[in-house]
Amino acid sequence: MNDSVARPMSLLLLLVLTVVTCCSSCSPAQETAVAPPENKKIRVLIVDGQNNHPVWPRTTEIMKSMLTETGLFRVSVARTEPKGEDPDFAPVFSDYDVVISNYNGSDWPEATRESFEQFVSAGGGFVVVHAADNAFASWPAYNRMIGLGGWGNRNEAAGPWYYYDHGGNPVRDPGPGNGGSHGQQHEFVVETRLPEHPVMRGMPAKWLHTQDELYDRLRGPAEEIEILATSFADPAQGGSGRHEPMVMAVQFGSGRVFHTTLGHAEYSMECAGFATLLQRGTEWAATGEVTQPLPETLPSENATVKWSPRPELKKIELGTTVNPFEFGNIILAGQPGRDDLALLKERGIKKIVSLRRESEDRWDQSEWATSAGFEFQRFPVGGAKDMTDEWFASVRQQLSAADDENRLLLHCGAAVRVGAAWAAWRVLDSQIPLEQAMEEATQMGLKQTAMVQRTREYIQSRQTAK
């Protein structure tokens, strides 16, 4: 710098101290927003288009919903022509971390098969669902990938039958006979065989699966295969009388394959056990790990549990209400307009919970709400310093109590404080990954550094306490 325009060092130091002092006195609303890190989702490709099960478009959508709701996956679908060989079917498998097959139909082009072999052997994940293990009987690499398959003229040349005997011992039976059969559809018990495998860790030892086809007499190369769970194919239901593989893990080169024979129809997939296995198995196939917590409710040996799609957070219009979002039985928003009560009633809202301090109200909101027949409660908070553990716990309790009969409006001024409470509830009570919850809160307006930091601190402290 030219000496003629240089400033004395003391003046520069004074300027720096002045800027720091001014910034330290900024209100939270003036602080720079800190967006949460971008969630690095697992890239999933579901392959379908042909299947001897006509319900395949629906089952693809169900699986897509099951994966998307975890917040871990970004799901795409590649679909063949509906009949015959499709010469143009050529997904770029390397663009994905894991491929799920809901396909059972004509052969893929040779170049596509070679590309898929290379993808899996080089470390790509593969998930095989139900009738996908009927496909490609004459494709040797595919048979090694799936471990065991059925139908398609598979016989002793394809490899042994593989099952468990009544003493819990695996049996490889090379005897002659066709591969693949099943009795009538019914509910049946799934028994965990490898409880320490990442996919199965924490799953019930035995749980009742909903109505499905119980595949039996599967046979194949069965190389580098682990049987994670089996079911007894009861002769009274037309089964083999053996404990048949239901859930498998296969190593193919550097790739991991998760294979489940469950999932014949939409009602077969709408089982909490199936959903949990699909979610965990897909993550494991892609990464070799399972980070997802188990759901709070899973089937027992004597009772099934139905899977229902989790509601989605969506922006809505609600009169003059500021920044409203809807999630199932909950509306999250900034300040409602004075004339929006009728709209809230139309949406079934029974209770209004305000996070605003009374000093912020321009009119008596308690009187405004209760005179219209709403239950009203206030959990006031001004900023990060007021967000105590007790405050978070109280608002989480309000959100957890919302149901079909007790629909809730949670609001503040602009949905910023709502976003903080929402993120805590989503992670700690809905078992959603932290970054997904923070991304949702950011949509609502939670951007002030101090509030973001306090919300993260609270969530992480409660996770550690667990």
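Colleague: Which parts of the structure should I look at to understand the pairing of strand β13 (residues 255-260)?
Modeller: Within a regular strand, the side chains alternate between the two sheet faces. Within β13, 6 of the 6 residues are buried, leaving the element largely enclosed by the surrounding structure. Neither face of β13 is open: one carries Gly255, Val257 and His259, the other Arg256, Phe258 and Thr260, and all of them are buried. Where strand β4 (residues 125-129) and β13 come together, 4 bridges link them in parallel fashion. Residue pairing in the sheet places Val129 in a bridge with Thr260 of β13. As defined by bridge partners, strand β12 (residues 243-252) adjoins β13 across 6 bridges and the pair is classed as antiparallel. Bridge pairing in β13 places Phe252 opposite Gly255. Counting the residues between successive antiparallel strands, the hairpin from β12 to β13 contains 2 residues, one of them, Gly253, with a positive phi of roughly 60°.

Colleague: Just to check I follow, could you spell out the confidence of the model for the protein for this structure?
Modeller: A low pLDDT means the predicted coordinates there should not be read in detail. Within the protein, residue pLDDT values average 90, and 91% of them lie at 70 or more. Considering only residues more than four positions removed or in separate chains, one finds that residues 1-38, a stretch of pLDDT under 50, has 18 contacts.

Colleague: I tried to follow the environment of His264 on my own but got confused; where do I start?
Modeller: Positionally, His264 belongs in the loop between β13 and α5 (266-269). With 182 residues separating them along the chain, His264 and Leu446 place their C-alpha atoms 43 Å apart. When residues no more than four places from it in sequence are discounted, the contact partners of His264 are His53, Val55, His130, Gln185, Asp212 and Glu213. A polar contact is formed between the side chain of His264 and the side chain of Glu213, at a distance of 3.1 Å.

Colleague: Can you walk me through the sheet that holds strand β15 (residues 325-327) in this structure?
Modeller: Strand order in the open sheet formed by 6 strands is β14-β15-β16-β19-β17-β18, with mixed pairing between adjacent strands. Edge strands, defined here as strands with exactly one partner in the open sheet, are β14 (314-315) and β18 (375-378). Sheet topology places strand β17 (residues 349-354) next to strand β19 (residues 407-411); 5 bridges connect them, and they run parallel. Across the sheet, the residue bridging to Ser354 is His411, located in β19.

Colleague: Is there a simple way to think about the packing of helix α9 (residues 389-401) against helix α10 (residues 416-428) in this case?
Modeller: For any two helices packed against each other, the geometry comes down to the angle between their axes and how far apart the axes lie. Here α9 crosses α10 at 70°, and the two axes come no closer than 9 Å. It follows from the interaxial angle that α9 and α10 lie roughly perpendicular. On the side of α9, the interface is formed by Trp391, Phe392, Val395, Arg396, Leu399 and Ser400, while α10 contributes Arg417, Ala420, Ala421, Trp422, Ala424, Trp425 and Leu428. Residues of the contact of α9 with α10, tallied by class, amount to 10 nonpolar, 1 polar and 2 charged.

Colleague: When you look at unusual backbone geometry in this model, what are you seeing that I'm missing?
Modeller: Residues other than glycine predominantly adopt negative phi, and peptide bonds predominantly adopt the trans conformation. Of note in the backbone geometry, Asn153 takes a positive phi value of approximately 65° without being a glycine. The topology assignment puts Asn153 in the loop between α4 (140-146) and β5 (161-164). Positioned with a positive phi, Asn323 is a non-glycine residue whose angle comes to about 50°.

Colleague: Please explain the environment of Lys41 as it appears in this structure.
Modeller: For Lys41, the position within the fold is in the loop between α1 (9-24) and β1 (42-48). For Lys41, a relative accessible area of 31% translates into the label partly exposed. Once the C-alpha coordinates of Lys41 and Gly71 are considered, the two residues, 30 residues apart in sequence, prove to be 7.5 Å apart. Dropping the residues within four chain positions of it, Lys41 is found in contact with Gly71, Leu72, Phe73, Arg74 and Asp97.

Colleague: Is there a simple way to explain the packing of aromatic side chains in this structure?
Modeller: Given two aromatic rings, their pairing is described by the distance between the two centres and the angle made by the two planes. Applying the stated criterion across every chain yields a total of 23 aromatic pairs. An aromatic cluster is defined as three or more aromatic residues linked by ring pairs; in this entry it consists of Phe89, Phe93, Tyr103, Trp108, Phe116, Phe119, Phe126, Phe136, Trp139 and Tyr142. Between Arg113 and the ring centre of Trp139, over which it is positioned, the NZ or CZ distance is 5.9 Å. Above the ring of Tyr163, the side-chain terminus of Arg242 is found at 3.9 Å from the ring centroid.

Colleague: Teacher, can you tell me more about empty space enclosed by the protein here?
Modeller: Once rolled over the atoms, a probe with the size of a water molecule shows which space is left empty. As enumerated under the stated definition, the model contains 2 cavities of 30 Å³ or more in all. Computed from the structure, the largest cavity encloses a volume of approximately 50 Å³. Residue lining of the largest cavity: Asn51, His53, Val55, Thr59, Asn102, Val129, His130, Ala131, Gly263, His264 and Met269, and that is the complete set. Residues of the lining of the largest cavity, tallied by class, amount to 4 nonpolar, 7 polar and no charged. In this structure, the second largest cavity occupies an estimated 40 Å³ of space. Forming the walls of the second largest cavity are Gly183, Gln184, His186, Leu214, Asp216, Ala233, Asp234, Gln237, Gly238 and Gly239. Looking at the lining of the second largest cavity residue by residue, the class counts come to 2 nonpolar, 6 polar and 2 charged.

Colleague: Which parts of the structure should I look at to understand the layout of surface pockets?
Modeller: Looking at the largest pocket, its volume works out to about 1,200 Å³. For the largest pocket, the lining is made up of 42 residues, of which Arg310, Asp429, Ser430, Gln431 and Ile432 are closest to its centre. Of all the elements, helix α6 (residues 272-287) adds the most residues to the lining of the largest pocket, at 5 residues. Split by residue class, the lining of the largest pocket holds 20 nonpolar, 14 polar and 8 charged. Taken as a whole, the second largest pocket holds about 420 Å³ of empty space. If you go around the second largest pocket, you meet 18 residues; those closest to its centre are Thr68, Glu69, Glu312, Gln436 and Glu440. Looking at the lining of the second largest pocket, the elements that each hand over two or more residues are α2 (56-68) and α11 (434-444). By residue number, the principal contributor to the lining of the second largest pocket is α11, which donates 4 residues. Per-class residue counts for the lining of the second largest pocket are 6 nonpolar, 5 polar and 7 charged.

Colleague: Would you mind showing me how to read the packing of α9 against helix α12 (residues 449-465) here?
Modeller: The geometry of α9 relative to α12 is characterised by a closest axis approach of 11 Å and an angle of 80° between their N-to-C directions. One finds that α9 runs roughly perpendicular with respect to α12. Contacts from Asp389, Phe392, Ala393 and Arg396 of α9 reach α12 at Arg454, Thr455 and Tyr458. Here the contact of α9 with α12 is built from residues that sort into 3 nonpolar, 1 polar and 3 charged.

Quick notes on the rules
Residues numbered from 1 in each chain as written. Predicted model: local features only at pLDDT ≥ 70, side-chain atom pairs only at ≥ 80, totals over all residues. Heavy atoms only, no water. Buried < 20%, exposed > 50% of the residue type's maximum accessible area, 1.4 Å probe, protein only. Helix = DSSP H or I, 4+ residues; strand = E, 2+ residues; numbered from the N terminus. Pairing = 2+ DSSP bridges. pLDDT = per-residue confidence, 0-100. Contact = heavy atoms within 4.5 Å. Polar contact = N/O pair within 3.5 Å; in protein donor to acceptor, adjacent residues only side chain to side chain. Axes fitted to C-alpha atoms, helices over the stretch in contact; angles between N-to-C directions. Parallel < 35°, antiparallel > 145°, perpendicular 65-115°, else oblique. Nonpolar A, V, L, I, M, F, W, Y, C, P; charged D, E, K, R; others polar. Phe/Tyr/Trp six-rings, centres within 6.5 Å; stacked < 30°, edge-to-face > 60°. Lys NZ or Arg CZ within 6 Å of the ring centre and 35° of its normal. 1 Å grid on protein atoms, 1.4 Å probe; cavity = no way out; pocket = protein on both sides within 12 Å on 5 of 7 lines; lining within 4 Å. Points joined across faces, edges and corners; volume = space filled by probe spheres on them.

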